[in-house]
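Listed below, chain by chain, are the residues.
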Amino acid sequence: IHCADGMAALPGLPVSMAVDGGSTPAAVFGQIDDLGRQRWTSEVVVFLDDAKGGLEQMGPETFGRICGEHWLERYARFRFGGAVGDPAAWYGEARDDYGWVKLFWKGFREAVGGAARDWKIKPAPCKGNRLPERLEAVRRPLTKMIGGQPALIISDACSMLRRGFNNGYVIVRSQLSNGSGRWSDKPLKNDYSHVHDAGQYLALHLTKRGDAANDDDGRPARRERAPRRGKTDFGNGYFARREGR
């Protein structure tokens, strides 16, 4: 029920992008509708043009241009809803990856041109890139219905994401010498993990956008000031204010 064949982006709603970097990068595009449902409308995953069919290794600027061309092909008439990436590239152990992000964004903006010169890419709202928080951002809408429809709907254009949800993005169990087993604490790093990481960053971003939209477009609520107390007129009686009292 989470898959929708032929699902395209809804006109009038902004489209956002999330990217997972590295030597085999991936990106996911999507939007959140007026009811708060996430719509993952397309992905960018580049495969080798050979019999093996594995992911192609490429530099950040090249991948940025590919994503920019994808934007022009599918979303040129849509408003830009923001772009996010692996937060570890901005802070934490993988801070050196920020160079990857800058080159990727350079290639993307050059490919899109025009207004994209002023667009920004930010870290996904998950400080420290904590895996449980990322996984929960996807699990939560997978278990909810909004207006009779799933809170997360994935287009058939996202073939790698859908295959990953079916059986590719997995946590594996290691066999120990005594015959018992132990489950890994992280999903297996494979061809599906990159696009699923990007999907998690998109889910975090869209959740935050949805929360902001439900809270006066994200602007902090204005505090009501307590009314000023007027001066009390004590008259000329005993309690009237006098000098020295």
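The structure displayed is predicted, hence computed values, not measured ones. (Residues numbered from 1 in each chain as written. Predicted model: local features only at pLDDT ≥ 70, side-chain atom pairs only at ≥ 80, totals over all residues. Heavy atoms only, no water.)

Visitor: It is not clear to me how the overall build of the protein should be interpreted in this structure. Could you clarify?
Guide: Within the protein, the secondary structure is distributed over five helices and eleven strands. Looking at the protein as a whole, 43% of its 245 residues are labelled buried. Here the analysis covers contacts within the protein between residues at least 6 apart in sequence; of these, 68% occur between residues at least 24 apart. Accessible area for the protein stands at about 15100 Å²; split by element, carbon and sulfur atoms hold 48% of it. (Helix = DSSP H or I, 4+ residues; strand = E, 2+ residues; numbered from the N terminus. Buried < 20%, exposed > 50% of the residue type's maximum accessible area, 1.4 Å probe, protein only. Contact = heavy atoms within 4.5 Å. Areas by Shrake-Rupley, 256 points an atom, 1.4 Å probe, with all protein chains shown as cover.)

Visitor: Sorry, what's going on with the packing of aromatic side chains here?
Guide: To describe a pair of aromatic rings, one takes the distance between the centres and the angle between the planes. Overall, the coordinates contain 15 aromatic pairs when judged by the stated rule. Seen from their ring centres, Phe80 and Trp119 are 4.1 Å apart, and the 5° between their planes marks the pair as stacked. Here Phe80, found in strand E5 (residues 80-85), pairs with Trp119, found in the loop between helix H2 (98-112) and strand E6 (121-123); they are 39 residues apart in sequence, far enough to count as distant. Trp119 sits in the buried class, given a relative accessible area of 15%. Site record: aromatic cluster; members linked through ring pairs are Phe29, Phe63, Trp71, Tyr75, Phe78, Phe80, Trp100, Phe104, Trp105, Phe108 and Trp119. (Phe/Tyr/Trp six-rings, centres within 6.5 Å; stacked < 30°, edge-to-face > 60°.)

Visitor: Just to check I follow, could you spell out helix H1 (residues 60-75) for this structure?
Guide: Note on helix geometry: an α-helix contains 3.6 residues per turn, so any two residues three or four positions apart are oriented the same way. For H1, which comprises 16 residues, the first-to-last C-alpha distance of 21 Å matches the rise-based estimate of 22 Å (1.5 Å per residue) to within 8%. Within the sequence span of H1, burial applies to Pro60, Phe63, Gly64, Cys67, Gly68, His70, Trp71 and Tyr75. The arc enclosing the buried residues of H1, seen along the axis, measures out at 160°, which places them on a common side. Of the residues in H1, the exposed ones pointing more than 90 degrees away from the buried face are Glu69 and Glu73. Lining the buried residues of H1 we find strand E2 (15-20), strand E3 (26-32), strand E4 (38-45), E5 and H2. (Expected span 1.5 Å × (residues − 1). Arc of directions from axis to C-beta.)

Visitor: I keep staring at the environment of Val44 and nothing clicks. Help me out?
Guide: Its place among the elements puts Val44 in strand E4. Each C-alpha atom of the pair Val44 and His70 lies 7.8 Å from the other, and the pair is 26 residues apart in sequence. Residue contacts for Val44: discarding those within four places in its chain leaves Pro25, Ala26, Ala27, Phe29, Phe63, Ile66, Cys67 and His70.

Visitor: Just to check I follow, could you spell out the side chain of Arg37 for this structure?
Guide: Structurally, Arg37 can be placed in the loop between E3 and E4. Among the polar contacts listed, one links the side chain of Arg37 to the side chain of Asp33, at a separation of 2.7 Å. A polar contact is formed between the side chain of Arg37 and the backbone oxygen of Ile146, at a distance of 2.9 Å. Contacts of Arg37, omitting those with residues within four sequence positions, involve Gln31, Ile32, Ile146, Gly147, Gln149, Pro150 and Ala151. (Polar contact = N/O pair within 3.5 Å; in protein donor to acceptor, adjacent residues only side chain to side chain.)

Visitor: For this particular structure, what's the right way to read the pattern of salt bridges?
Guide: Oppositely charged side chains may form a pair once their charged atoms are brought near each other. Within the structure shown, the criterion is met by eight salt bridges. What emerges from the salt-bridge pattern is a single network uniting Glu61, Arg65, Lys106 and Glu110. (Salt bridge = Lys/Arg side-chain N within 4 Å of Asp/Glu carboxyl O.)

Visitor: It is not clear to me how the confidence of the model for the protein should be interpreted in this structure. Could you clarify?
Guide: When pLDDT drops low, the exact placement of atoms in the prediction is not to be read closely. Taken residue by residue, the protein gives an average pLDDT of 84. The fraction at 70 or more is 78%. Throughout residues 215-229 the model reports pLDDT below 50, and contacts reaching past four residues in sequence, or to other chains, amount to three contacts. (pLDDT = per-residue confidence, 0-100.)

Visitor: Can you walk me through the sheet that holds E6 in this structure?
Guide: Pairing is mixed across the open sheet formed by seven strands, whose spatial order is E1-E9-E4-E3-E2-E5-E6. With partners counted over all chains shown, the strands left at the sheet margins are strand E1 (3-4) and E6, one partner each. With respect to the sheet, H2 is in contact with E2, E5 and E6, its orientation differing from that of E2 by roughly 140°. In this fold helix H4 (residues 159-168) packs onto E1, E3, E4 and strand E9 (152-155), with an angle of close to 105° to the strand it touches most, E4. (Pairing = 2+ DSSP bridges. Axes fitted to C-alpha atoms, helices over the stretch in contact; angles between N-to-C directions.)

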